[in-house]
Amino acid sequence: MNELKSLSLAELSELLAARKLSSVELTSYYLERSRKYQKDINGYITITEDLALATARRADELRTREELPLLAGIPVAVKDNIVARGAPTTCASRVLENYVSPFDAAVVEKLSLNPLLGKVNLDEFAMGADNKTSAFGPVRNPWDLQRVPGGSSGGSAAVVAAGCAPFSLGSDTGGSIRQPAAFCGVTGFKPTYGRVSRRGLVAFASSLDQIGPLARSIADCALVLQAICGHDPADATSARQEVPDFRACLQADVRGLRLGLPRENFACCDEEVAGAVEEAARQLELAGATVHWVSMPYRDEVVTAYLLIATAEAASNLARFDGVKYGYRGQGQTLDELYTSSRIFGATVRRRLMLGTFALSGEDCPACYEQGLRLGRAIARHLDSLFRQCDVLLLPTAPTVAFTLDGEQDPLASYYNDILTIPANLAGLPAVSVPCGLSSGLPVGMQLMAPRFREDLLLRVGHTWQCLTDWHQRWPREVN
Ligand code: GLN
């Protein structure tokens, strides 16, 4: 049954509906692959076999009596900062090592007939871009086990790339769905801020965080989006916006669409990466789109706005991990000692919490955070003006391909590596990364960005691209 891993979600759905395949069979197949590659890839923090099989049996049983939703019975892997009842949610941190959630996140509720294969690895509290900050060890890239899978949703990307899960959920605050998707050669979709409920996502930076799917194609992502988008009264930032028929959006091609290529965002990339993405734009031009260069002349501003907003919000959000209400409890005679001994975060999280606490304290407070927000809004306004010149922005997802696991990266250099993905978060825009080539045998990602709530445009361009090419159907050599 090795070929199962190459089937699309629509094909799996048909097999299940026709009862040619049971959810228990499909789930067992993916559980077996997940266990097989766990030692090499370390994609999971917890494999939830019993939960998965119980849901699979329930889906199979229900199907004998009624018609089920399209994705019912297809297993999913969920990033370990999204809670699922009865499973641990660690956020890849020692602080939450033994935390078991008493409730389901909104997205997990919506996928209640999707067997949960497990909770996948990430950078601690989703802070990072290489998955090396996980307290449960780094994830390895299935394309080259000596390289990082990207982050913070490194596990979500790696398990899909290795055929250990047909799709997964990740979260994206500054690029954490798109950059690992690019590094692992899969499709990663960050919806518009507010499209998907954040209830049950452990907050990192609440004004930027967004949940989205990682899968093997745009068409697969469209089906997952259909299942997880929609207004949630329990999330105050959830959008009251009608959810379109995302599958129908795949039908239109790119004829007449204007693609804008931000010059500066190509100039800062490795030559082969920039070259592969430019070549993709040329092919989309042949398919009927118009292509022209635009300018996104900000760089320091992007990093500054992101650092001020993300660290300030993180400092506030992570204040709840104090050893009293949740997670690890240290020891101490006084409250201060208890707090200090309980907050056993890793170095990256500590550094960010210190920065954020600084941005929120002192005489200039709240001026620092306010300035970050103001900068972010200025960037958003500039992006709005670009969308009067073009329909979709097309650019690389990351400046390089996946880098090697060894060696320390300077934190500032790492923030600068995120400049291609952060603008979509600052402006709340939908953005997707799709595979568009290989450089030295490693996947290159092309990023598409659209105005708020115009996921339809991304699906249109992305799907046209994937109908023309087969980059998204390649498998890493390490996997079979
Ligand atoms: N790499 C970015 C960071 O380190 C993005 C993280 C994210 O999107 N969760 O903050």
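Our subject is the structure that appears above.
The rules behind each value
- Per chain, residues are indexed from 1 in the order of the written sequence.
- Selection of residues for local features in this predicted model requires a pLDDT of at least 70, selection of side-chain atom pairs for listing and counting requires 80 or more, and totals for whole chains, interfaces and linings are taken over all residues.
- Hydrogens are left out, water is left out, and the side-chain values use all remaining heavy atoms of the structure.
- Salt bridge, as applied in this entry: a Lys or Arg side-chain nitrogen positioned within 4 Å of an Asp or Glu carboxyl oxygen.
- Helix numbers and strand numbers start at the N terminus; a helix is a DSSP run of H or I with at least 4 residues, a strand a run of E with at least 2.
- Each residue gets one of three labels from its accessible area relative to the maximum for its type: buried under 20%, exposed over 50%, partly exposed in between, using a 1.4 Å probe on protein chains only.
- Strands qualify as paired when DSSP identifies two bridges or more between them.
- One heavy atom suffices: a residue is near a molecule or strand as soon as one of its heavy atoms comes within 4 Å of it.
- Here a polar contact is taken to be a pair of N or O atoms separated by no more than 3.5 Å, where protein atoms must pair a possible hydrogen donor with a possible acceptor and residues adjacent in sequence count only if both atoms sit in side chains.
- Each accessible area value is a Shrake-Rupley result obtained with a 1.4 Å probe; residue values ignore everything except the protein chains displayed when judging cover.
- To get an axis, a line is fitted to the C-alpha atoms, and for a helix only the part in contact is used. The angle between two axes follows their N-to-C directions and goes from 0 to 180 degrees.
- Contact definition: two residues touch when any of their heavy atoms are within 4.5 Å.

### Observations concerning the pattern of salt bridges
Side-chain pairing between opposite charges can occur once the charged atoms of the two side chains come close.
Thought 1: For the coordinates displayed, the defined rule picks out 17 salt bridges.
Thought 2: Between Arg85 and Asp104 there is a salt bridge, and its shortest N-O distance comes to 3.7 Å. A residue pair is termed long-range when its members are at least 10 positions apart, and Arg85 in the loop between strand E2 (76–79) and helix H4 (106–110) and Asp104 in the loop between E2 and H4 qualify at 19 residues.
Thought 3: When the shortest N-O distance is used, the salt bridge between Arg282 and Glu279 registers 3.2 Å.

### Quick look at the pairing of strand E10 (residues 431–439)
Thought 1: When you tally the buried positions in E10, you get eight out of nine residues, the bulk of the element.
Thought 2: Of the strand pairs in this sheet, strand E5 (residues 187–190) and E10 are connected by three bridges, and their pairing is antiparallel. Within E10, the position partnered with Lys190 by the bridge is Ala431.
Thought 3: Between the antiparallel neighbours E10 and strand E11 (residues 442–449) lie two residues, among them Ser440 with a positive phi of about 50 degrees.

### A closer look at the site of the ligand
Thought 1: Around the ligand, 14 residues are found, and the nearest of them are Gly174, Ser176, Tyr306, Arg352 and Asp418.
Thought 2: Between the ligand and the protein, one listed contact pairs a nitrogen atom with a backbone N or O atom of Ala126 at 2.8 Å.
Thought 3: Between the ligand and the protein, one listed contact pairs a nitrogen atom with a side-chain N or O atom of Asp418 at 2.8 Å.
Thought 4: Protein coverage of the free-state accessible area of the ligand, which is 290 Å², stands at 99%.

### Focus on the sheet that holds E10
Thought 1: The 11 strands are arranged E1-E3-E2-E4-E6-E5-E10-E11-E9-E7-E8 in an open sheet whose pairing can be described as mixed. Here the strands that pair on one side only, and so sit at the sheet edges, are strand E1 (44–47) and strand E8 (290–294). Put simply, the sheet's adjacent strands are angled 25 degrees from each other on average, direction ignored.
Thought 2: As paired strands, E10 and E11 are joined by eight bridges and run antiparallel to one another. The residue of E11 that forms the bridge with Ser439 is Leu442.
Thought 3: With respect to the sheet, helix H2 (residues 23–41) is in contact with E1 and strand E3 (116–120), its orientation differing from that of E1 by roughly 135 degrees.
Thought 4: On top of the sheet, helix H13 (residues 367–389) reaches strand E7 (258–262), E8, strand E9 (392–396) and E11; it is set at about 110 degrees to E9, its chief contact.

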